[in-house]
Amino acid sequence: MAKLKVAVLISGRGSNLQALIDACARPEFPAEIVLTISNRADAPGLARAAAANIPAIVIEHGQGDEREAFEAALTEAIAAHEAELICLAGFMRLLTATFVERWRNRLINIHPSLLPAFPGINVHARVLEAGVRFSGCTVHFVRAEMDDGPIIVQGAVPVLADDDEDGLAARVLAVEHRCYPLALRLIAEGRVRVAGLHVTIDDGGQRAPPPILNPPDDIVG
Ligand code: GRF
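Described in the following lines is the structure provided in the data block. (Residues numbered from 1 in each chain as written. Predicted model: local features only at pLDDT ≥ 70, side-chain atom pairs only at ≥ 80, totals over all residues. Heavy atoms only, no water.)

1. Considering the packing of aromatic side chains
Geometrically, a pair of aromatic rings is defined through the distance of the ring centres and the angle of the planes.
Stage number 1. Under the criterion given, the structure shown has 1 aromatic pair.
Stage number 2. Relative to Phe-91, the ring of Phe-70 has its centre 6.5 Å away and its plane inclined at 5°; by these criteria the two rings are stacked. You can see Phe-70 sitting in helix α3 (residues 66-80) and its partner Phe-91 sitting in the loop between β4 (85-88) and α4 (97-102), a full 21 residues away along the chain.
Stage number 3. The exposure class of Phe-70 is buried, given its relative accessible area of 3%.
Stage number 4. The ring of Phe-70 carries the charged tip of Arg-93 above its face, separated from the ring centre by 5.0 Å.
Stage number 5. A cation over a ring is seen here: Arg-106 above Trp-103, with NZ or CZ 4.2 Å from the ring centre. (Phe/Tyr/Trp six-rings, centres within 6.5 Å; stacked < 30°, edge-to-face > 60°. Helix = DSSP H or I, 4+ residues; strand = E, 2+ residues; numbered from the N terminus. Buried < 20%, exposed > 50% of the residue type's maximum accessible area, 1.4 Å probe, protein only. Lys NZ or Arg CZ within 6 Å of the ring centre and 35° of its normal.)

This is the structure:
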C-alpha cells in the first residue's frame, strides 16, 4: 500500500521530528516524511532532516500582513511535495483559522501536557506549580484555538515529589517520542475517525478510545 506522505513543521530542536524520522525509516511503517519546513533558519532540527535525506526548507515570516504570505508559501511547498498530512513538531507559530480549516483533520500537533490541562507555553513550570500528580503529552488534531482539538494519543507521566522543570520535561519528552509515531501510524493505517470532539480508533472492527501510553496502574483495566 502507498505510504502516507507527511510534512513536518518545526521551529527548533526537532527531537520529535527525529522520532518520526526513525519510525518512518522502518520498512513496514505506513508513512513517509516528504518535507520538513522550519520557520527559523537556525533550527537545529533542519540538520536532522538533512541527515535523513529529507528535503528541508526554511520559510521565515514577519509580522502582521506577512502572515498570509507566510501561509501561502507553506501551502505551496506542501502541495509541491504532495504531502497529505501535516505534523507540527515544536512549531512555535500560530496558524490562522483559514489555514487550519483547510487542513481540518489532516493537521496534527504534539503538546507536552495532558490536554485540555495546561495549554500554551511554560507548561512544565505551571504543572509543578499547580501540584498535579500526573502530567504527560497529547497528540491531537489542530483546531483554530491553540492546543485544542480531538485527542488521538496521550502519554501519562507521574510528577515526582522532587521534580524540577528539566527532569519533568525530559521524562515527558521520552513519552512524546513514543506517542507521536503511534499517532502517525494509526492515522496512516486509516484507523482514526473524528466525530465531533472525539477520536475513535478502529481496533479489529470495533471502535476503541484513543490509546494512552503509561496509564497509571490504578486506572488500568
Ligand atoms: C515538545 O515538547 C513538543 O511537545 C512541544 O515543543 C517541544 C518540541 O521539542 N510542542 P522538539 O523540537 O521536538 O525537540
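2. Details of the site of the ligand
Stage number 1. Lining the immediate environment of the ligand, one finds Arg-13, Gly-14, Ser-15, Asn-16, Gly-90, Ile-110, His-111, Pro-112 and Glu-176.
Stage number 2. Between Arg-13 and the ligand, the recorded distance is 2.5 Å, taken from a side-chain N or O atom to an oxygen atom.
Stage number 3. With respect to the ligand, the side chain of Glu-176 contributes an N or O atom lying 2.6 Å from an oxygen atom.
Stage number 4. When the ligand is considered free in solution it has 370 Å² of accessible area, and contact with the protein chains removes 85% of it.
Stage number 5. Judged by its atoms lying within 2 Å of the grid points, the ligand is housed in the largest pocket.
Stage number 6. Among the secondary structure elements, those contributing two or more residues to the shell around the ligand are α1 (15-24) and β5 (107-111).
Stage number 7. Per-class residue counts for the shell around the ligand are 2 nonpolar, 5 polar and 2 charged.
Stage number 8. Looking at the shell around the ligand, you find at least three residues from each of domain 1 (1-103) and domain 2 (110-221). (Near = heavy atom within 4 Å. Polar contact = N/O pair within 3.5 Å; in protein donor to acceptor, adjacent residues only side chain to side chain. Areas by Shrake-Rupley, 256 points an atom, 1.4 Å probe, with all protein chains shown as cover. 1 Å grid on protein atoms, 1.4 Å probe; cavity = no way out; pocket = protein on both sides within 12 Å on 5 of 7 lines; lining within 4 Å. Sits in = over half its atoms within 2 Å of the grid points. Nonpolar A, V, L, I, M, F, W, Y, C, P; charged D, E, K, R; others polar. Domains from an automatic or database assignment.)

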